[in-house]
Amino acid sequence: MDTAAVTVISDYLARRDVSTPVDAGLLVLMGSAVLESVEVAAQTWQAGLVPRILISGGIGHSTRHLLAKVGETGLRPEAHIFRDLLIRQYGVPAAAIEVEDRSTNCGENAEFTRALVDRGQRLLLVQDPTMQRRTHASFERSFRDLPGTELISFAPVVPWIGPYYVAAAAGGPAIWERERFVSLVLGEIRRLRDDQDGYGPRGRNFIDRVDLLPAVLDAYSNLTSRHPELIRPAGG
């Protein structure tokens, strides 16, 4: 499989508006199976860049993967698991953390977070890197009625694509098995496209139009034509 094409798509999805986290009124941490997100949120708080962390995440398609990573067997919202990690592992005080535990997808992350934010401010968004760009688009739609809001995306990692697995850096511990990762990023491009199968205005109308880069569309076309078995239905 063409590693270069996968990397083009992966790098695009892992949206980073800044090279390092910046001052913000609120860090919004989305639930996922990417534990590096928790570390980034904790480090940002510890550096004094944000006074509060809002964790958004119920029980969704990533929950079983997260539970396996933390060694839990009972089913509970991703936001609760992340909150416990922030407190116990990183020393973030409970008073600095707010939890939204009903959302099951990117759109609900944005919608339910919007219901908890009553003034315009800078929001630092941290999400699974495969979903960072779609999450940003979802927040743009949900927060466009709140003047003074500034959205800044910071994907916790820009994935390294290895021959068998995908990690935060070359030689690091695996975050995804490679085939599953490729399927995930292809599904994201399908969602972001503004056509009848996508999430844009001409499709399901969950997000505003996202103008995908030509190089990303070319990489997607090449991969899907060679590996149609990796294309999954666009849900979530």
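Structure's up top.
Treat the numbers as computed from the prediction; the structure is a model and nothing was measured. (Residues numbered from 1 in each chain as written. Predicted model: local features only at pLDDT ≥ 70, side-chain atom pairs only at ≥ 80, totals over all residues. Heavy atoms only, no water.)

Draft legend 1. The arrangement of the sheet that holds strand E8 (residues 174-177) in detail. Spatially, the three strands line up as an open sheet ordered E6-E7-E8, and their pairing is antiparallel. The two strands at the open ends of the sheet, each matched to only one other strand, are strand E6 (160-161) and E8. Here three bridges tie strand E7 (residues 165-167) to E8, and the two strands are oriented antiparallel to one another. Residue pairing for E8: Val166 is matched across the bridge by Trp176. (Pairing = 2+ DSSP bridges. Helix = DSSP H or I, 4+ residues; strand = E, 2+ residues; numbered from the N terminus.)

Draft legend 2. Local environment of the sheet that holds strand E5 (residues 150-153). Taken in spatial order, the five strands of this open sheet run E3-E2-E1-E4-E5, and their pairing is parallel. Only two strands of the sheet have a single neighbouring strand rather than two, namely strand E3 (97-100) and E5. Ignoring strand direction, the axes of neighbouring strands in this sheet form an average angle of 25 degrees. Judged from the four bridges that link them, strand E1 (residues 26-30) and strand E2 (residues 53-56) form a sheet pairing that is parallel. (Axes fitted to C-alpha atoms, helices over the stretch in contact; angles between N-to-C directions.)

Draft legend 3. Spotlight on the packing of aromatic side chains. Under the definition given, this model contains four aromatic pairs. Here the aromatic rings of Phe139 and Phe143 are separated by 5.6 Å at their centres, their planes lie at 10 degrees, and the arrangement is stacked. With Phe139 and Phe143 both in helix H6 (residues 132-143) and four residues apart, this pair spans about one turn of that helix. The exposure class of Phe139 is buried, given its relative accessible area of 0%. For Phe143, a relative accessible area of 3% translates into the label buried. (Phe/Tyr/Trp six-rings, centres within 6.5 Å; stacked < 30°, edge-to-face > 60°. Buried < 20%, exposed > 50% of the residue type's maximum accessible area, 1.4 Å probe, protein only.)

Draft legend 4. Seen up close, the nonpolar core. Ranked by size, the top nonpolar core spans 27 residues in total, and within it Ile9, Tyr12, Leu13, Trp176, Phe181, Ile189 and Val210 carry the most contacts. Those elements that provide at least two residues to this core are helix H1 (3-13), E8, helix H7 (178-192) and helix H8 (214-226). The dominant element in this core, judged by the number of residues it contributes, is H7, at seven residues. Setting aside chain neighbours within four positions, we find Tyr12 in contact with Arg133, Ile189, Val210, Asp211, Leu212, Leu213 and Val216. One finds Ala42, Ile97, Val126 and Phe154 within the second-largest nonpolar core, a separate group that totals 25 residues. (Core = buried A, V, L, I, M, F, W, Y, C linked by side-chain atoms within 4.5 Å. Contact = heavy atoms within 4.5 Å.)

Draft legend 5. Summary view of the packing of helix H5 (residues 106-114) against H6. Relative orientation of the contacting elements H5 and H6 amounts to 35 degrees, with a least axis distance of 8 Å. The interaxial crossing formed by H5 with H6 has right-handed handedness. Residues Cys106, Gly107, Asn109, Ala110, Glu111, Thr113 and Arg114 of H5 pack against Arg134, Thr135, Ser138, Phe139, Ser142 and Phe143 of H6. (Left-handed = near helix turned anticlockwise from the far one by under 90°.)

Draft legend 6. Seen up close, the pattern of salt bridges. In total, this model carries 15 salt bridges according to the counting rule given. Residue Arg76 pairs with Asp84 through a salt bridge whose shortest N-O separation is 2.9 Å. Take Arg76: its relative accessible area is 22%, and that puts it in the partly exposed class. As a salt-bridge pair, Glu188 and Arg191 come within 3.6 Å of each other at their nearest N and O atoms. Of the two residues, Glu188 and Arg191 both sit in helix H7, three residues apart, roughly one turn of that helix. (Salt bridge = Lys/Arg side-chain N within 4 Å of Asp/Glu carboxyl O.)

Draft legend 7. Local environment of the packing of helix H2 (residues 36-46) against helix H4 (residues 78-88). For the pair H2 and H4, the least separation of the axes is 10 Å and the interaxial angle reads 50 degrees. Here H2 is positioned oblique relative to H4, judged by the angle of their axes. You can see that H2 and H4 cross each other, and the crossing is right-handed. Residue-level inspection shows Ser37, Val38, Ala41 and Ala42 of H2 in contact with H4, the latter providing Phe82, Leu85 and Leu86. When grouped by side-chain class, the residues that make up the contact of H2 with H4 number six nonpolar, one polar and no charged. (Parallel < 35°, antiparallel > 145°, perpendicular 65-115°, else oblique. Nonpolar A, V, L, I, M, F, W, Y, C, P; charged D, E, K, R; others polar.)

Draft legend 8. Representation of unusual backbone geometry. For Asn205, which is not glycine, the phi dihedral falls at a positive 60 degrees. Considering the arrangement of structural elements, one finds Asn205 in the loop between H7 and H8.

Draft legend 9. Molecular detail of the environment of Ile161. Position of Ile161 among the secondary structure elements: in strand E6. Along the primary structure Ile161 and Trp176 are separated by 15 residues, whereas in three dimensions their C-alpha atoms are 9.6 Å apart. Those residues in contact with Ile161, other than ones at most four positions away along the chain, are Thr3, Val6, Thr7, Ser10, Val166, Arg178 and Phe181.

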